[in-house]
Amino acid sequence: MARQRFFATPLCYLNVFLVIASRCLFVLSEPILQKSTSSILAGPNRTVPDYVKRYAPLVWLHSEDPFRPADLLQHIRHTTPTANREPVPDLPDLDLNNLALLNNVSSGQVALTSNDDVTALPDWLLGQLPDASGRIVNATPCVVILVEQSPRDVDAFFFYFYSYDRGANITQVLEPLNRLIEDTEHGMHFGDHVGDWEHNMVRFRDGKPNGIYYSQHSGGAAYDWDHADLSMKDGRPLVFSAYGSHANYASSGLVALPLRGPRLFIPHLSGNA
């Protein structure tokens, strides 16, 4: 078992009750049930409901994590789309408006492959720190997707993007295995990779939240909105992002994982929806 660490000492942040920023990308998904006049998709502007912004999560980043939320466009500009390890031919310059072109590539699974030696940790892999208000300026590190399950039920997915994921430190193992491994200054990390999405999903009924999901790599944890293990601030759920791996947890502290301090990040102020 390996452990991931958090620090619970809050850092300075100001008013977090701010309107949603234009840098947050929102996507409205067609409902799977019949639309009604109350549908969020009924209006011509498809406006994001206020309750999605009112209950958006607050993410605490580990205070020592060098890999922070990253701008999607910056990441795209430092990578080349490849399929079967070969560059995809005849593509225009990609941005957030035409990235879906990669869905049409038929020559294999597409990967955005770094143009740089990632072992040297170029600056663009490190992302950006939020400012004192929790906002990451001039960047789009968050995507919000709304799925209308019915005119009464909406799932809001808050996706957080990091250009680099540092895997678990396998030298931080529990007794008695820790006696067999000599820890080093930087540890031995397993599972590092370029490009990392984590998310929370908040489920709403009639505009009121009734549950939340925390992604943790290939798994996660779900809670009722009034669960005793959740932490709230001004009605918003707190999310604690693990050092390096960015898995999302409902509380801070040491977490034991199968081998496989925060800075406030307010994703809905820094993304696209």
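Note that this is a predicted model, so its numbers are computed, not measured.

### Details of the packing of aromatic side chains
Counted according to the given criterion, the structure contains eight aromatic pairs. Between F67 and Y164 the ring centres are 4.8 Å apart and the planes differ by 45°, which places this aromatic pair in the tilted class. One end of the pair, F67, is in the loop between strand 3 (58–61) and helix 2 (72–77); the other, Y164, is in strand 8 (residues 153–165), and 97 residues separate them in sequence. Take Y164: its relative accessible area is 9%, and that puts it in the buried class. Seen in terms of ring centroids, F161 and W197 are 5.0 Å apart; in terms of plane orientation they differ by 55°. Their pairing is tilted. Of the two residues, F161 sits in strand 8 while W197 sits in strand 11 (residues 193–205), which places them 36 residues apart along the sequence. The exposure class assigned to F161 is buried, which follows from its relative accessible area of 4%. By relative accessible area, which is 41% here, W197 ends up partly exposed. These aromatic residues form a ring-pair network of at least three members: Y51, Y55, F204 and W225. The aromatic ring of Y55 is capped on one face by R54, whose charged end is 5.3 Å from the ring centroid.

### Things to note about the sheet that holds strand 4 (residues 79–83)
Read from one edge of the open sheet, three strands run 5-4-6, paired in antiparallel fashion. Every other strand in the sheet has two partners, leaving strand 5 (86–87) and strand 6 (110–114) as the edge strands with one partner each.

### Re the environment of S163
Structurally, S163 is set in strand 8. The spatial distance from the C-alpha of S163 to the C-alpha of H193 is 8.7 Å, given a sequence separation of 30 residues. In this view, S163 contacts A70, H75, W124, L125, H193, V194 and G195; residues no more than four positions away in its chain are not counted. Polar side-chain contacts of S163 include one of 2.8 Å to the side chain of H75.

About the thresholds
Residues numbered from 1 in each chain as written. Predicted model: local features only at pLDDT ≥ 70, side-chain atom pairs only at ≥ 80, totals over all residues. Heavy atoms only, no water. Phe/Tyr/Trp six-rings, centres within 6.5 Å; stacked < 30°, edge-to-face > 60°. Helix = DSSP H or I, 4+ residues; strand = E, 2+ residues; numbered from the N terminus. Buried < 20%, exposed > 50% of the residue type's maximum accessible area, 1.4 Å probe, protein only. Lys NZ or Arg CZ within 6 Å of the ring centre and 35° of its normal. Pairing = 2+ DSSP bridges. Contact = heavy atoms within 4.5 Å. Polar contact = N/O pair within 3.5 Å; in protein donor to acceptor, adjacent residues only side chain to side chain.

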